[in-house]
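What the coordinates show
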Amino acid sequence: MQPLKKDPGGKDEALRMMDEARRVLQNESDSIAQLKERIDATFVEVVHRLDACQGHVVVLGIGKSGLIGQKIAATFSSIGLPALFLHAAEASHGDLGIIGKEDLLLAISNSGETEELVRLLPIINRRKCTLVAMTGRPDSTLARRADFVLNVGVKEEACPLNLVPTSSTTATLAMGDALALVLLEKRGFRPEDFAQHHPGGSLGRRLLTTVEDLMHSGDEVPKVAEDANLPAIITEMSRKRLGTTLVVDGSGLLSGIITDGDLRRLMESGKDFQSIRARDLMSRTPKCVGKDHMATKAVQFMDEHSITCVVVSDDGKAIDGIIHLHDLLKAGVI
């Protein structure tokens, strides 16, 4: 391991690096905090326009602002607001055709004078679509031509030379998040809605999978009659390998449930095993969930009641199936 270098003032290089990192983070944090004072009626109106947009939200930018714009567009899309990113330079070479009258444009430029973007403003204005400017200069060309202006200006960049876009891009990204999340709240967006736009990966599995998707049904469900003896109960539990069996009446409706815990307690009781019937051993209030419930809700239900298996039934009588904690684990829901 190399020894720490010393600067002329005698401070360790590592300490200087940590101090500089803290300064950067403080600068960017302050830049975001300053935005709170600019949340006003204009911000509210922009949210209303986003909510009422009948076309697409087209986020327009270039360079670092363009990269931030791509993330903002992706965030809008993830909450169900159709959005796409348009590169300002490519727009001048045919891509401007994606913009329609029903669209809302969100143009991003810290200076508000970005040549490739300013060049497009006359054309955009003629199409009469709503133009929202996100800029650090409310007196810029972009701001003057926009219908609404969101000021994302910062006192200085975190860059020690005040050149590299750092705090300004962070502030712009934060303002974009504020727009998206306020809109999300306004629309009453739910986890299930979010899942519809994220069907892949673990997130989609957790939010889209229902109990019906994972439950055992038909012959896979362990069942015994109310007058079944102990050998029949144990055989059914062993054969279906769920550590439990349901007990049904003469009509095939749910009467109760027997778990391996019930069997252990019976063994410890010293009772006459030969006289035991399923009706004597079962719990008469089995826990049930509906087949249309989200699988994540089944996990929560099992955790609340300290159980590993739950009956799938809408009315507590007709049996649709049974689901075990292992099924949820295998599916990646947990």
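Treat the numbers as computed from the prediction; the structure is a model and nothing was measured. (Residues numbered from 1 in each chain as written. Predicted model: local features only at pLDDT ≥ 70, side-chain atom pairs only at ≥ 80, totals over all residues. Heavy atoms only, no water.)

Things to note about helix H2 (residues 41–52)
How we decide: Helix numbering and strand numbering both begin at the N terminus, where a helix is a DSSP run of H or I of at least 4 residues and a strand a DSSP run of E of at least 2. In this scheme, a helix's expected span is set at 1.5 Å multiplied by one less than its residue total. Classification of residues uses two cut-offs on accessible area relative to the type maximum, computed with a 1.4 Å probe and protein chains only: under 20% is buried, over 50% is exposed, and between them is partly exposed. Throughout, the arc means that of the directions going from the helix axis to the C-beta atoms. We call two residues in contact whenever any of their non-hydrogen atoms come within 4.5 Å of each other.
If you check H2, its first and last C-alpha atoms are 16 Å apart, about what twelve residues at 1.5 Å a residue would give, namely 16 Å. Along H2, the residues that are buried comprise Phe43, Val46, Val47 and Leu50. One face of H2 carries all of its buried residues, which in axial projection span an arc of 100°. Of the surrounding secondary structure, the elements contacted by the buried residues of H2 are strand E1 (57–61), helix H3 (63–78), strand E3 (104–109), strand E4 (130–135), strand E5 (148–151) and helix H8 (167–186).

Here we look at unusual backbone geometry
The backbone phi angle of Asn162 is positive, close to 55°, even though this residue is not glycine. Although it is not a glycine, Arg241 adopts a positive phi angle of roughly 60°.

Quick look at the UniProt feature "binding site: Zn(2+)" (unreviewed entry) in the protein
We apply this condition: UniProt positions are given in the numbering used here, feature names are shortened, and annotations may be inferred rather than shown by experiment. Polar contacts, as counted here, are pairs of nitrogen or oxygen atoms within 3.5 Å of one another; within protein the pair requires one atom able to donate a hydrogen and one able to accept it, and residues that are adjacent in sequence qualify only if both atoms are side-chain atoms.
The positions that UniProt labels "binding site: Zn(2+)" (unreviewed entry) are, in the present scheme, His87. Exposure remark for His87: the relative accessible area of 31% places this residue in the partly exposed category. Excluding residues that lie within four positions of it along the chain, His87 makes contacts with Leu60, Gly61 and Ile62. For His87, the side chain forms a polar contact with the main-chain nitrogen of Ala89, separated by 3.1 Å.

A look at the sheet that holds strand E11 (residues 321–324)
The condition that has to hold: Pairing between strands is defined by DSSP: at least two bridges between them are needed.
Taken together, the three strands give an open sheet; going across it, the order is E9-E10-E11, and neighbouring strands pair in mixed fashion. Strand pairing shows two members of the sheet lacking a second neighbour, strand E9 (288–289) and E11, which therefore form its edges.

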